[in-house]
Amino acid sequence: MEEFPETPARDSKPASDEVSPWALAGLGTQFFASILLFVWVGNWLDRRFDVAPLCLLSGVFLGGGGSFFLSYRQLTKPRGSHSRNNDSTPNS
């Protein structure tokens, strides 16, 4: 009988029910980039059509709201054995 049980090797992938920290970092980056892009476009439209804060505020709400909605959908989708297998390997 062994004195110390064998410890499992660390895997870079999280368990099937956990969300990867890299995926969360990607969602944060997507959220930031989306707001930044929509603010830039809104500011450009404000200068072009001289409608000062309207397009800028619309850009903030569209970018933030849309990115929040997509992040929410990504984080709440089912994972594990109940979700569809999206890889390209055939089932055996």
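Residues numbered from 1 in each chain as written. Predicted model: local features only at pLDDT ≥ 70, side-chain atom pairs only at ≥ 80, totals over all residues. Heavy atoms only, no water.

**Q** Any details on the overall build of the protein? Residues and values, ideally.
**A** Summing up its helical and strand segments, the protein has two helices and zero strands in all. When the 92 residues of the protein are sorted by exposure, 10% land in the buried category. Considering only contacts within the protein whose residues lie at least 6 apart along the sequence, 59% involve residues at least 24 apart. Approximately 8400 Å² of the protein is accessible, and the part contributed by carbon and sulfur atoms is 63%. (Helix = DSSP H or I, 4+ residues; strand = E, 2+ residues; numbered from the N terminus. Buried < 20%, exposed > 50% of the residue type's maximum accessible area, 1.4 Å probe, protein only. Contact = heavy atoms within 4.5 Å. Areas by Shrake-Rupley, 256 points an atom, 1.4 Å probe, with all protein chains shown as cover.)

**Q** Tell me about the side chain of serine 67, and please be specific about residues and values.
**A** Relative to the helices and strands, serine 67 resides in helix H2 (residues 52–76). When sequence neighbours within four positions are dropped, the list of residues in contact with serine 67 reads Gln30, Phe31, Ser34 and Leu62.

**Q** Give me the lowdown on helix H1 (residues 21–49), citing residues and values where you can.
**A** With 29 residues, H1 extends 42 Å between its outermost C-alpha atoms, agreeing within 8% with the 42 Å of an ideal straight helix rising 1.5 Å per residue. Taken as a whole, H1 has its buried residues at Leu27, Ser34, Gly42 and Asp46. On its buried face, H1 sits against H2. Measuring from the side-chain oxygen of the N-cap residue of H1 to the backbone nitrogen of tryptophan 22 gives 3.1 Å; that N-cap residue is serine 20. (Expected span 1.5 Å × (residues − 1). Polar contact = N/O pair within 3.5 Å; in protein donor to acceptor, adjacent residues only side chain to side chain.)

These results come straight from atomic positions and should not be treated as a statement about function.
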